[in-house]
Amino acid sequence: MATRFWFYAGAALLLLLASAALFAPLLTPYDPLQQNLEQDLITHSRQHLLGTDKLGRDLLSRIIFGARISLLVGASTVGISLLIGVAVGSLSGYAGGIADLLFMRLIDILMAFPGILLAIAFSAILGPGLDHVILALALIGWTGYARLIRGEILSLRERDFVSAARALGCRPRRIIVLHLLPNLLPPLFIQATFGLAAAIVAEGSLSFLGLGVAPPTPSWGSMLNEGRQFLLVAPHLTAYPGIALMLTVLALNLIGDALQDRLESRTR
Amino acid sequence: MKRYLLYRLALLVPTLFGVLTLVFLFIHVTPGDPVDIMLGETASAADRQELRQILGLNKPLAEQYRSFLIKLSRADLGRSLYERRSVAAMVSERYPATLELALCAMGAALFISFPLAIWSAVRHGSWTDRATLMFSLLGLSMPNFWLGPLVMIIFAIQLGWLPVSGRDGPDHLVLPALTLGLGMTALLIRMLRANLLRVMSEDYVQTARAKGLSERSVWLKHTLRNALLSLMTVVSLQFGSLLAGSLITETIFSWPGIGRLTMQAIAMRDYPLVQGCVLAISLSYVFVNFFTDLIYRWVDPRITYGN
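Only a predicted model underlies this, so the values are computations on that prediction, with no experimental measurement involved. (Residues numbered from 1 in each chain as written. Chains lettered and ligands numbered in written order. Predicted model: local features only at pLDDT ≥ 70, side-chain atom pairs only at ≥ 80, totals over all residues.)

Some remarks on the interface of chain B and chain A
The accessible area lost on association of the parts is a frequent measure of interface size.
Working step 1: Contacts between the two partners involve 37 residues from chain B and, on the opposite side, 31 residues from chain A.
Working step 2: Among the secondary structure elements, those contributing two or more residues to the side of chain B that touches chain A are α1 (2–28), α6 (127–141), α7 (144–158), α10 (215–253), α11 (258–267) and α12 (271–299) of chain B.
Working step 3: Residues of the side of chain B that touches chain A, tallied by class, amount to 29 nonpolar, 8 polar and no charged. (Contact = placed C-beta atoms within 7 Å. Helix = DSSP H or I, 4+ residues; strand = E, 2+ residues; numbered from the N terminus. Nonpolar A, V, L, I, M, F, W, Y, C, P; charged D, E, K, R; others polar.)

This is how it looks when you write it as C-alpha coordinates:
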(Lines give C-alpha, C1' and ligand atoms only; values in the text may rest on other atoms or scores of the structure.)
Protein backbone atom coordinates (compact mmCIF):
# COMPACT_ATOMS: atom_id res chain seq x y z
CA MET A 1 0.00 0.00 0.00
CA ALA A 2 2.78 2.39 1.07
CA THR A 3 4.82 1.36 -1.98
CA ARG A 4 1.93 2.18 -4.28
CA PHE A 5 1.44 5.55 -2.59
CA TRP A 6 5.09 6.55 -3.06
CA PHE A 7 5.01 5.34 -6.66
CA TYR A 8 2.01 7.56 -7.43
CA ALA A 9 3.54 10.47 -5.52
CA GLY A 10 6.76 10.17 -7.56
CA ALA A 11 4.88 9.71 -10.83
CA ALA A 12 2.66 12.74 -10.16
CA LEU A 13 5.69 14.89 -9.35
CA LEU A 14 7.52 13.72 -12.46
CA LEU A 15 4.45 14.29 -14.63
CA LEU A 16 4.19 17.81 -13.26
CA LEU A 17 7.84 18.54 -14.02
CA ALA A 18 7.66 16.95 -17.46
CA SER A 19 4.52 18.97 -18.31
CA ALA A 20 6.22 22.15 -17.13
CA ALA A 21 9.20 21.33 -19.35
CA LEU A 22 7.01 20.49 -22.33
CA PHE A 23 4.80 23.57 -22.09
CA ALA A 24 7.56 25.89 -20.86
CA PRO A 25 6.94 28.63 -23.49
CA LEU A 26 3.26 28.77 -22.49
CA LEU A 27 3.86 28.68 -18.74
CA THR A 28 6.76 31.06 -18.30
CA PRO A 29 5.94 34.71 -17.71
CA TYR A 30 9.20 35.93 -19.33
CA ASP A 31 11.75 34.91 -21.92
CA PRO A 32 14.43 33.06 -19.86
CA LEU A 33 17.16 34.91 -21.74
CA GLN A 34 15.61 38.37 -21.50
CA GLN A 35 17.84 40.65 -19.46
CA ASN A 36 16.70 43.60 -17.37
CA LEU A 37 19.67 45.11 -15.58
CA GLU A 38 17.46 47.58 -13.70
CA GLN A 39 15.85 44.66 -11.88
CA ASP A 40 18.84 42.50 -11.00
CA LEU A 41 19.03 40.26 -7.92
CA ILE A 42 15.44 40.86 -6.77
CA THR A 43 14.52 38.32 -4.07
CA HIS A 44 10.86 38.18 -5.06
CA SER A 45 8.16 40.54 -6.26
CA ARG A 46 4.73 40.41 -7.82
CA GLN A 47 6.31 40.48 -11.30
CA HIS A 48 9.05 37.99 -10.46
CA LEU A 49 7.69 35.37 -8.06
CA LEU A 50 11.07 33.68 -7.48
CA GLY A 51 13.13 36.83 -8.08
CA THR A 52 15.74 37.62 -10.71
CA ASP A 53 19.41 36.81 -11.29
CA LYS A 54 22.43 39.11 -11.73
CA LEU A 55 21.31 40.07 -15.24
CA GLY A 56 17.71 40.67 -14.18
CA ARG A 57 16.45 37.47 -15.85
CA ASP A 58 13.32 35.96 -14.33
CA LEU A 59 14.35 33.00 -12.16
CA LEU A 60 11.03 31.13 -12.41
CA SER A 61 11.18 31.19 -16.23
CA ARG A 62 14.78 30.00 -16.17
CA ILE A 63 13.95 27.17 -13.75
CA ILE A 64 11.05 25.99 -15.92
CA PHE A 65 13.21 26.07 -19.05
CA GLY A 66 15.99 24.40 -17.04
CA ALA A 67 13.65 21.42 -16.56
CA ARG A 68 13.72 21.00 -20.34
CA ILE A 69 17.50 20.76 -20.39
CA SER A 70 17.67 18.37 -17.44
CA LEU A 71 14.99 16.02 -18.74
CA LEU A 72 16.29 16.22 -22.31
CA VAL A 73 19.86 15.38 -21.27
CA GLY A 74 18.63 12.66 -18.90
CA ALA A 75 16.31 11.02 -21.44
CA SER A 76 18.82 11.23 -24.31
CA THR A 77 21.63 9.85 -22.17
CA VAL A 78 19.50 6.95 -20.96
CA GLY A 79 18.24 6.31 -24.52
CA ILE A 80 21.73 6.16 -26.05
CA SER A 81 23.13 4.19 -23.09
CA LEU A 82 20.28 1.69 -23.40
CA LEU A 83 20.88 1.23 -27.11
CA ILE A 84 24.58 0.55 -26.65
CA GLY A 85 24.10 -1.41 -23.41
CA VAL A 86 21.41 -3.68 -24.83
CA ALA A 87 23.40 -4.36 -28.02
CA VAL A 88 26.67 -5.08 -26.20
CA GLY A 89 25.04 -6.98 -23.31
CA SER A 90 22.96 -9.19 -25.63
CA LEU A 91 25.88 -9.99 -27.90
CA SER A 92 28.17 -10.64 -24.96
CA GLY A 93 25.68 -12.77 -23.03
CA TYR A 94 24.29 -14.77 -25.94
CA ALA A 95 27.38 -15.26 -28.10
CA GLY A 96 29.91 -15.63 -25.27
CA GLY A 97 33.49 -16.47 -26.31
CA ILE A 98 35.97 -13.83 -27.38
CA ALA A 99 33.31 -11.11 -27.88
CA ASP A 100 32.16 -11.59 -24.30
CA LEU A 101 35.71 -11.55 -22.99
CA LEU A 102 36.63 -8.36 -24.85
CA PHE A 103 33.46 -6.48 -23.97
CA MET A 104 33.68 -7.46 -20.32
CA ARG A 105 37.31 -6.31 -20.11
CA LEU A 106 36.33 -2.99 -21.72
CA ILE A 107 33.49 -2.60 -19.21
CA ASP A 108 35.85 -3.46 -16.34
CA ILE A 109 38.22 -0.74 -17.52
CA LEU A 110 35.49 1.88 -17.89
CA MET A 111 34.06 0.93 -14.51
CA ALA A 112 37.51 1.19 -12.96
CA PHE A 113 37.10 4.95 -13.24
CA PRO A 114 34.70 6.74 -10.92
CA GLY A 115 31.77 7.74 -13.20
CA ILE A 116 31.85 11.46 -12.51
CA LEU A 117 35.62 11.63 -13.03
CA LEU A 118 35.31 10.04 -16.46
CA ALA A 119 32.38 12.33 -17.34
CA ILE A 120 34.45 15.36 -16.31
CA ALA A 121 37.44 14.11 -18.30
CA PHE A 122 35.33 13.48 -21.43
CA SER A 123 33.60 16.84 -21.10
CA ALA A 124 36.94 18.59 -20.66
CA ILE A 125 38.11 16.96 -23.91
CA LEU A 126 34.90 17.57 -25.86
CA GLY A 127 34.24 21.08 -24.53
CA PRO A 128 30.96 22.50 -23.23
CA GLY A 129 27.67 22.00 -25.11
CA LEU A 130 24.42 20.08 -24.82
CA ASP A 131 25.37 17.33 -27.30
CA HIS A 132 28.82 16.94 -25.75
CA VAL A 133 27.29 16.45 -22.28
CA ILE A 134 24.93 13.79 -23.61
CA LEU A 135 27.80 12.04 -25.40
CA ALA A 136 30.08 12.16 -22.33
CA LEU A 137 27.37 10.77 -20.06
CA ALA A 138 26.29 8.08 -22.54
CA LEU A 139 29.92 6.96 -22.95
CA ILE A 140 30.03 6.06 -19.27
CA GLY A 141 26.35 5.17 -18.80
CA TRP A 142 26.02 2.13 -21.10
CA THR A 143 28.26 -0.15 -19.05
CA GLY A 144 25.71 -0.73 -16.28
CA TYR A 145 22.97 -1.74 -18.75
CA ALA A 146 25.35 -4.03 -20.66
CA ARG A 147 26.32 -5.85 -17.45
CA LEU A 148 22.70 -6.22 -16.40
CA ILE A 149 21.59 -7.55 -19.79
CA ARG A 150 24.54 -9.93 -20.05
CA GLY A 151 23.91 -11.37 -16.60
CA GLU A 152 20.20 -11.83 -17.23
CA ILE A 153 20.78 -13.39 -20.66
CA LEU A 154 23.33 -15.81 -19.20
CA SER A 155 20.70 -17.01 -16.73
CA LEU A 156 17.91 -17.16 -19.33
CA ARG A 157 19.63 -18.62 -22.39
CA GLU A 158 19.55 -22.21 -21.11
CA ARG A 159 15.88 -22.04 -20.12
CA ASP A 160 13.38 -24.31 -21.86
CA PHE A 161 11.60 -21.61 -23.84
CA VAL A 162 14.89 -20.47 -25.37
CA SER A 163 15.91 -24.06 -26.18
CA ALA A 164 12.49 -24.58 -27.76
CA ALA A 165 12.86 -21.47 -29.90
CA ARG A 166 16.33 -22.62 -30.93
CA ALA A 167 14.98 -26.10 -31.79
CA LEU A 168 12.30 -24.49 -33.94
CA GLY A 169 15.06 -22.87 -35.97
CA CYS A 170 14.87 -19.30 -34.67
CA ARG A 171 17.91 -17.22 -35.50
CA PRO A 172 19.89 -15.72 -32.57
CA ARG A 173 18.71 -12.18 -33.32
CA ARG A 174 15.08 -13.29 -33.23
CA ILE A 175 15.63 -15.19 -29.97
CA ILE A 176 17.26 -12.15 -28.36
CA VAL A 177 14.69 -9.61 -29.57
CA LEU A 178 11.48 -11.65 -29.28
CA HIS A 179 12.22 -14.10 -26.47
CA LEU A 180 14.95 -12.78 -24.22
CA LEU A 181 14.59 -8.99 -24.19
CA PRO A 182 10.87 -8.94 -23.24
CA ASN A 183 11.85 -10.87 -20.09
CA LEU A 184 14.44 -8.24 -19.25
CA LEU A 185 12.14 -5.25 -19.46
CA PRO A 186 11.24 -4.95 -15.74
CA PRO A 187 14.83 -4.83 -14.36
CA LEU A 188 15.90 -2.71 -17.32
CA PHE A 189 13.11 -0.22 -16.69
CA ILE A 190 14.08 0.06 -13.01
CA GLN A 191 17.73 0.61 -13.87
CA ALA A 192 16.73 3.20 -16.48
CA THR A 193 14.70 5.09 -13.86
CA PHE A 194 17.70 5.31 -11.52
CA GLY A 195 19.91 5.99 -14.55
CA LEU A 196 17.73 8.96 -15.50
CA ALA A 197 18.13 10.39 -11.98
CA ALA A 198 21.90 9.82 -12.11
CA ALA A 199 22.18 11.44 -15.57
CA ILE A 200 20.25 14.51 -14.40
CA VAL A 201 22.55 14.87 -11.38
CA ALA A 202 25.64 14.31 -13.56
CA GLU A 203 24.48 16.96 -16.06
CA GLY A 204 23.93 19.32 -13.12
CA SER A 205 27.43 18.54 -11.80
CA LEU A 206 29.06 19.18 -15.17
CA SER A 207 27.14 22.42 -15.71
CA PHE A 208 27.95 23.48 -12.14
CA LEU A 209 31.65 22.97 -12.88
CA GLY A 210 31.35 24.94 -16.14
CA LEU A 211 31.79 21.85 -18.33
CA GLY A 212 28.16 21.24 -19.20
CA VAL A 213 25.56 23.27 -21.01
CA ALA A 214 27.05 26.57 -22.13
CA PRO A 215 25.56 29.88 -20.91
CA PRO A 216 23.17 31.62 -21.41
CA THR A 217 21.09 28.42 -21.88
CA PRO A 218 19.28 27.91 -18.57
CA SER A 219 20.49 24.75 -16.83
CA TRP A 220 19.94 24.07 -13.13
CA GLY A 221 23.61 23.22 -12.60
CA SER A 222 24.92 26.40 -14.23
CA MET A 223 22.28 28.45 -12.37
CA LEU A 224 23.59 27.00 -9.10
CA ASN A 225 27.12 27.87 -10.15
CA GLU A 226 26.10 31.47 -10.91
CA GLY A 227 24.21 31.65 -7.62
CA ARG A 228 27.33 30.62 -5.70
CA GLN A 229 28.86 34.03 -6.37
CA PHE A 230 25.90 35.74 -4.69
CA LEU A 231 25.38 33.54 -1.64
CA LEU A 232 25.45 36.55 0.72
CA VAL A 233 23.17 38.91 -1.16
CA ALA A 234 20.93 36.56 -3.14
CA PRO A 235 20.67 33.08 -1.58
CA HIS A 236 17.47 32.51 -3.58
CA LEU A 237 19.62 31.99 -6.68
CA THR A 238 21.03 28.89 -5.00
CA ALA A 239 17.91 27.69 -3.20
CA TYR A 240 15.29 27.48 -5.97
CA PRO A 241 17.18 25.72 -8.80
CA GLY A 242 18.46 23.25 -6.20
CA ILE A 243 14.92 22.52 -4.97
CA ALA A 244 13.80 21.89 -8.57
CA LEU A 245 16.70 19.52 -9.14
CA MET A 246 16.17 17.68 -5.87
CA LEU A 247 12.43 17.23 -6.50
CA THR A 248 13.12 15.75 -9.94
CA VAL A 249 15.66 13.28 -8.58
CA LEU A 250 13.40 12.48 -5.62
CA ALA A 251 10.48 11.74 -7.95
CA LEU A 252 12.61 9.33 -10.00
CA ASN A 253 14.03 7.66 -6.88
CA LEU A 254 10.51 7.18 -5.50
CA ILE A 255 9.37 5.56 -8.74
CA GLY A 256 12.50 3.40 -8.99
CA ASP A 257 12.24 2.29 -5.36
CA ALA A 258 8.57 1.37 -5.68
CA LEU A 259 9.17 -0.59 -8.89
CA GLN A 260 12.11 -2.41 -7.34
CA ASP A 261 10.05 -3.34 -4.26
CA ARG A 262 7.33 -4.67 -6.55
CA LEU A 263 9.77 -6.69 -8.64
CA GLU A 264 11.46 -8.14 -5.54
CA SER A 265 8.16 -9.11 -3.94
CA ARG A 266 7.17 -10.81 -7.21
CA THR A 267 10.37 -12.80 -7.54
CA ARG A 268 10.47 -13.76 -3.83
CA MET B 1 43.20 -17.56 -0.29
CA LYS B 2 46.51 -17.65 -2.20
CA ARG B 3 44.75 -18.89 -5.34
CA TYR B 4 42.14 -16.23 -4.96
CA LEU B 5 44.80 -13.55 -4.59
CA LEU B 6 46.47 -14.72 -7.81
CA TYR B 7 43.10 -14.77 -9.57
CA ARG B 8 42.35 -11.21 -8.47
CA LEU B 9 45.85 -10.07 -9.47
CA ALA B 10 45.36 -11.63 -12.89
CA LEU B 11 42.17 -9.60 -13.26
CA LEU B 12 43.83 -6.46 -11.94
CA VAL B 13 46.61 -6.41 -14.54
CA PRO B 14 44.43 -5.90 -17.68
CA THR B 15 42.27 -3.40 -15.81
CA LEU B 16 45.31 -1.37 -14.75
CA PHE B 17 46.69 -1.59 -18.26
CA GLY B 18 43.38 -0.37 -19.66
CA VAL B 19 43.19 2.52 -17.20
CA LEU B 20 46.72 3.62 -18.08
CA THR B 21 45.96 3.37 -21.81
CA LEU B 22 42.78 5.40 -21.47
CA VAL B 23 44.56 8.07 -19.45
CA PHE B 24 47.35 8.14 -22.07
CA LEU B 25 44.82 8.52 -24.88
CA PHE B 26 43.24 11.40 -22.99
CA ILE B 27 45.27 14.00 -24.90
CA HIS B 28 45.22 12.11 -28.18
CA VAL B 29 41.46 11.69 -28.56
CA THR B 30 40.88 15.43 -28.23
CA PRO B 31 38.94 16.53 -31.32
CA GLY B 32 41.26 18.79 -33.30
CA ASP B 33 44.82 19.63 -32.37
CA PRO B 34 45.43 19.38 -28.59
CA VAL B 35 48.09 22.07 -28.91
CA ASP B 36 45.49 24.46 -30.34
CA ILE B 37 43.19 23.69 -27.44
CA MET B 38 45.90 24.29 -24.85
CA LEU B 39 47.47 27.40 -26.36
CA GLY B 40 44.58 28.85 -28.35
CA GLU B 41 44.54 29.39 -32.09
CA THR B 42 46.42 32.69 -31.87
CA ALA B 43 49.64 31.12 -30.50
CA SER B 44 52.80 31.47 -32.56
CA ALA B 45 54.23 28.59 -34.58
CA ALA B 46 57.34 28.52 -32.35
CA ASP B 47 55.23 28.19 -29.17
CA ARG B 48 53.21 25.41 -30.77
CA GLN B 49 56.34 23.56 -31.77
CA GLU B 50 57.81 23.94 -28.29
CA LEU B 51 54.66 22.58 -26.61
CA ARG B 52 54.46 19.74 -29.12
CA GLN B 53 58.01 18.82 -28.19
CA ILE B 54 57.38 19.11 -24.42
CA LEU B 55 54.37 16.82 -24.69
CA GLY B 56 56.16 14.50 -27.10
CA LEU B 57 53.34 14.88 -29.64
CA ASN B 58 55.83 15.08 -32.52
CA LYS B 59 56.74 11.39 -32.05
CA PRO B 60 54.77 8.37 -33.35
CA LEU B 61 51.90 7.25 -31.10
CA ALA B 62 53.50 3.89 -30.19
CA GLU B 63 56.70 5.61 -29.13
CA GLN B 64 54.75 8.13 -27.08
CA TYR B 65 52.93 5.30 -25.33
CA ARG B 66 56.17 3.45 -24.61
CA SER B 67 57.74 6.59 -23.22
CA PHE B 68 54.59 7.25 -21.13
CA LEU B 69 54.80 3.80 -19.52
CA ILE B 70 58.55 4.04 -18.90
CA LYS B 71 58.18 7.46 -17.30
CA LEU B 72 55.27 6.22 -15.24
CA SER B 73 57.36 3.37 -13.87
CA ARG B 74 59.71 6.07 -12.52
CA ALA B 75 56.71 7.99 -11.08
CA ASP B 76 57.32 10.71 -13.68
CA LEU B 77 54.01 12.21 -14.78
CA GLY B 78 55.57 15.05 -16.75
CA ARG B 79 55.58 18.78 -15.96
CA SER B 80 52.71 21.16 -15.45
CA LEU B 81 52.45 23.58 -18.37
CA TYR B 82 51.59 26.55 -16.21
CA GLU B 83 53.34 25.93 -12.90
CA ARG B 84 56.38 24.43 -14.62
CA ARG B 85 56.65 21.90 -11.78
CA SER B 86 56.60 18.13 -11.62
CA VAL B 87 53.02 16.84 -11.88
CA ALA B 88 53.84 13.94 -9.53
CA ALA B 89 55.05 16.39 -6.87
CA MET B 90 51.93 18.57 -7.25
CA VAL B 91 49.62 15.55 -7.03
CA SER B 92 51.39 14.09 -4.00
CA GLU B 93 51.27 17.48 -2.24
CA ARG B 94 47.51 17.67 -2.67
CA TYR B 95 46.65 14.02 -2.12
CA PRO B 96 46.74 14.03 1.73
CA ALA B 97 44.10 16.80 1.87
CA THR B 98 41.73 14.76 -0.31
CA LEU B 99 42.38 11.63 1.72
CA GLU B 100 41.71 13.53 4.94
CA LEU B 101 38.43 14.86 3.58
CA ALA B 102 37.31 11.48 2.23
CA LEU B 103 38.17 9.70 5.51
CA CYS B 104 36.31 12.31 7.56
CA ALA B 105 33.30 12.09 5.22
CA MET B 106 33.32 8.32 5.61
CA GLY B 107 33.65 8.61 9.39
CA ALA B 108 30.72 11.03 9.51
CA ALA B 109 28.64 8.74 7.29
CA LEU B 110 29.32 5.71 9.51
CA PHE B 111 28.71 7.68 12.71
CA ILE B 112 25.33 8.98 11.50
CA SER B 113 24.08 5.99 9.52
CA PHE B 114 24.71 3.13 11.96
CA PRO B 115 22.56 4.29 14.89
CA LEU B 116 19.83 5.51 12.52
CA ALA B 117 19.72 2.22 10.57
CA ILE B 118 19.71 0.07 13.72
CA TRP B 119 17.04 2.24 15.33
CA SER B 120 15.00 2.06 12.15
CA ALA B 121 15.28 -1.73 11.90
CA VAL B 122 14.45 -2.28 15.59
CA ARG B 123 11.35 -0.10 15.22
CA HIS B 124 10.46 -1.50 11.81
CA GLY B 125 7.17 -0.07 10.50
CA SER B 126 6.98 2.73 13.07
CA TRP B 127 6.93 6.43 12.20
CA THR B 128 10.62 6.69 13.20
CA ASP B 129 11.41 3.99 10.65
CA ARG B 130 9.47 5.83 7.97
CA ALA B 131 11.10 9.17 8.90
CA THR B 132 14.58 7.59 8.69
CA LEU B 133 13.75 6.10 5.29
CA MET B 134 12.49 9.45 4.04
CA PHE B 135 15.65 11.13 5.33
CA SER B 136 17.78 8.62 3.46
CA LEU B 137 15.77 9.07 0.27
CA LEU B 138 16.16 12.85 0.53
CA GLY B 139 19.87 12.38 1.16
CA LEU B 140 20.19 10.30 -2.00
CA SER B 141 18.25 12.89 -3.99
CA MET B 142 20.26 15.88 -2.82
CA PRO B 143 23.26 16.55 -5.08
CA ASN B 144 26.37 17.71 -3.25
CA PHE B 145 26.77 20.74 -5.52
CA TRP B 146 23.52 22.03 -4.01
CA LEU B 147 23.98 20.78 -0.47
CA GLY B 148 27.42 22.44 -0.25
CA PRO B 149 26.25 26.01 -0.93
CA LEU B 150 23.14 25.35 1.19
CA VAL B 151 25.05 24.35 4.35
CA MET B 152 27.45 27.20 3.63
CA ILE B 153 24.56 29.70 3.66
CA ILE B 154 23.05 28.27 6.86
CA PHE B 155 26.01 27.30 9.05
CA ALA B 156 28.77 29.60 7.83
CA ILE B 157 27.03 32.74 6.57
CA GLN B 158 23.76 33.00 8.53
CA LEU B 159 24.74 31.36 11.84
CA GLY B 160 28.48 31.97 11.61
CA TRP B 161 29.24 28.70 13.43
CA LEU B 162 31.73 27.31 10.96
CA PRO B 163 34.25 28.73 8.47
CA VAL B 164 33.11 29.23 4.88
CA SER B 165 36.07 27.62 3.11
CA GLY B 166 39.74 26.67 3.18
CA ARG B 167 41.74 24.13 5.19
CA ASP B 168 42.96 25.57 8.45
CA GLY B 169 41.99 23.36 11.37
CA PRO B 170 39.38 20.74 12.23
CA ASP B 171 36.43 23.18 12.08
CA HIS B 172 37.15 23.72 8.37
CA LEU B 173 36.52 20.03 7.79
CA VAL B 174 32.97 19.86 9.14
CA LEU B 175 30.95 21.34 6.26
CA PRO B 176 32.91 19.72 3.39
CA ALA B 177 32.89 16.33 5.15
CA LEU B 178 29.13 16.49 5.79
CA THR B 179 28.49 17.57 2.20
CA LEU B 180 30.63 14.81 0.76
CA GLY B 181 29.36 12.17 3.17
CA LEU B 182 25.59 12.72 2.94
CA GLY B 183 25.09 10.48 -0.09
CA MET B 184 27.05 7.69 1.55
CA THR B 185 25.12 8.17 4.81
CA ALA B 186 21.82 7.79 2.98
CA LEU B 187 22.99 4.70 1.13
CA LEU B 188 24.36 3.04 4.27
CA ILE B 189 21.14 3.64 6.19
CA ARG B 190 19.11 1.92 3.49
CA MET B 191 21.50 -0.98 3.05
CA LEU B 192 22.16 -1.66 6.73
CA ARG B 193 18.47 -1.42 7.57
CA ALA B 194 17.60 -3.84 4.75
CA ASN B 195 20.40 -6.21 5.82
CA LEU B 196 19.29 -6.13 9.45
CA LEU B 197 15.67 -6.88 8.53
CA ARG B 198 16.82 -9.76 6.33
CA VAL B 199 19.09 -11.24 9.01
CA MET B 200 16.43 -10.81 11.71
CA SER B 201 14.14 -13.15 9.82
CA GLU B 202 16.82 -15.85 9.41
CA ASP B 203 16.35 -19.18 11.18
CA TYR B 204 19.54 -18.94 13.23
CA VAL B 205 18.34 -15.69 14.83
CA GLN B 206 15.04 -17.33 15.75
CA THR B 207 17.02 -20.27 17.16
CA ALA B 208 19.21 -17.93 19.22
CA ARG B 209 16.06 -16.36 20.67
CA ALA B 210 14.51 -19.79 21.31
CA LYS B 211 17.65 -20.81 23.17
CA GLY B 212 16.89 -18.02 25.60
CA LEU B 213 19.72 -15.64 24.68
CA SER B 214 19.21 -12.07 25.78
CA GLU B 215 18.00 -9.63 23.13
CA ARG B 216 21.33 -7.80 23.45
CA SER B 217 23.27 -10.98 22.67
CA VAL B 218 21.01 -11.81 19.74
CA TRP B 219 21.59 -8.36 18.31
CA LEU B 220 25.31 -8.03 18.90
CA LYS B 221 26.46 -11.61 18.24
CA HIS B 222 24.07 -12.76 15.55
CA THR B 223 22.14 -10.00 13.81
CA LEU B 224 24.51 -7.04 13.65
CA ARG B 225 27.65 -9.06 12.95
CA ASN B 226 26.11 -10.78 9.93
CA ALA B 227 24.40 -7.66 8.66
CA LEU B 228 27.67 -5.72 8.79
CA LEU B 229 29.55 -8.28 6.76
CA SER B 230 27.91 -7.57 3.44
CA LEU B 231 28.02 -3.87 4.19
CA MET B 232 31.79 -3.88 4.23
CA THR B 233 32.01 -4.00 0.45
CA VAL B 234 29.66 -1.05 0.09
CA VAL B 235 31.68 1.02 2.56
CA SER B 236 34.94 0.35 0.73
CA LEU B 237 33.45 0.94 -2.72
CA GLN B 238 31.87 4.13 -1.50
CA PHE B 239 35.27 5.28 -0.26
CA GLY B 240 36.47 5.22 -3.86
CA SER B 241 33.44 7.26 -4.88
CA LEU B 242 34.20 9.76 -2.13
CA LEU B 243 37.61 10.39 -3.71
CA ALA B 244 35.85 11.17 -6.99
CA GLY B 245 33.12 13.20 -5.25
CA SER B 246 35.83 15.41 -3.82
CA LEU B 247 36.09 17.09 -7.24
CA ILE B 248 32.89 19.00 -6.60
CA THR B 249 33.09 19.38 -2.81
CA GLU B 250 36.65 20.68 -2.92
CA THR B 251 35.69 23.20 -5.60
CA ILE B 252 32.79 24.50 -3.50
CA PHE B 253 34.75 24.79 -0.25
CA SER B 254 38.13 25.77 -1.79
CA TRP B 255 39.61 22.66 -0.17
CA PRO B 256 43.20 22.36 -1.42
CA GLY B 257 43.01 18.72 -2.50
CA ILE B 258 43.45 16.81 -5.70
CA GLY B 259 39.82 17.42 -6.78
CA ARG B 260 40.30 21.17 -6.80
CA LEU B 261 43.66 20.76 -8.50
CA THR B 262 41.95 18.76 -11.27
CA MET B 263 39.35 21.44 -11.83
CA GLN B 264 42.02 24.17 -11.83
CA ALA B 265 44.04 22.14 -14.34
CA ILE B 266 40.97 21.71 -16.57
CA ALA B 267 40.23 25.45 -16.40
CA MET B 268 43.85 26.25 -17.40
CA ARG B 269 43.89 23.46 -20.02
CA ASP B 270 46.98 22.08 -18.33
CA TYR B 271 46.55 18.61 -19.83
CA PRO B 272 49.62 16.89 -18.29
CA LEU B 273 48.32 17.96 -14.87
CA VAL B 274 44.76 16.82 -15.70
CA GLN B 275 46.21 13.50 -16.84
CA GLY B 276 48.18 13.12 -13.59
CA CYS B 277 45.16 13.95 -11.41
CA VAL B 278 42.83 11.59 -13.30
CA LEU B 279 45.44 8.85 -13.04
CA ALA B 280 45.92 9.35 -9.29
CA ILE B 281 42.17 9.27 -8.54
CA SER B 282 41.43 6.31 -10.80
CA LEU B 283 44.36 4.24 -9.54
CA SER B 284 43.23 4.89 -5.94
CA TYR B 285 39.76 3.74 -6.97
CA VAL B 286 41.10 0.56 -8.63
CA PHE B 287 43.27 -0.36 -5.63
CA VAL B 288 40.53 0.35 -3.08
CA ASN B 289 38.25 -2.02 -5.04
CA PHE B 290 40.99 -4.62 -5.28
CA PHE B 291 41.73 -4.62 -1.54
CA THR B 292 38.01 -4.60 -0.74
CA ASP B 293 37.62 -7.85 -2.66
CA LEU B 294 40.56 -9.41 -0.84
CA ILE B 295 39.42 -8.32 2.62
CA TYR B 296 35.87 -9.45 1.93
CA ARG B 297 37.08 -12.86 0.88
CA TRP B 298 39.35 -13.03 3.95
CA VAL B 299 36.51 -12.12 6.32
CA ASP B 300 34.01 -14.45 4.68
CA PRO B 301 35.71 -17.46 3.02
CA ARG B 302 32.33 -18.72 1.75
CA ILE B 303 32.45 -16.06 -0.95
CA THR B 304 33.56 -17.12 -4.39
CA TYR B 305 33.62 -15.19 -7.62
CA GLY B 306 33.18 -17.39 -10.65
CA ASN B 307 35.83 -20.07 -11.08
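Re unusual backbone geometry
Working step 1: Going from Pro215 of chain A to Pro216 of chain A, the amide bond is cis rather than trans, its omega being 10 degrees.
Working step 2: Phi at Leu41 of chain A takes a positive value of approximately 55 degrees, unusual for a residue other than glycine.
Working step 3: Secondary-structure assignment places Leu41 of chain A in the loop between α2 (24–27) and α3 (59–95).
Working step 4: Residue class for Leu41 of chain A comes out partly exposed when judged on the 15 C-beta atoms lying within 10 Å of it.
Working step 5: Residues other than glycine seldom take positive phi values, yet Ala75 of chain B does so here, at roughly 60 degrees.
Working step 6: Along the chain, Ala75 of chain B falls in the loop between α4 (61–73) and α5 (87–122). (Buried ≥ 20, exposed ≤ 12 C-beta atoms within 10 Å, placed from the backbone.)

Side note on the confidence of the model for chain B
Residues and elements named next belong to chain B.
Working step 1: Confidence along chain B averages 86 in pLDDT terms, with 96% of residues attaining 70 or more.
Working step 2: Looking over chain B, one finds the lowest element-wise mean pLDDT in helix α2 (residues 34–39), namely 72, and the highest in α5, namely 93.
Working step 3: Here the predicted complex carries an ipTM of 0.87, next to a pTM of 0.89. (pLDDT = per-residue confidence, 0-100.)

Quick notes on the confidence of the model for chain A
Working step 1: Mean pLDDT for chain A: 90, with 99% of residues reaching 70 or above.
Working step 2: Per-element averaging of pLDDT across chain A places helix α5 (residues 115–126) of chain A at the bottom with 84 and α3 of chain A at the top with 94.

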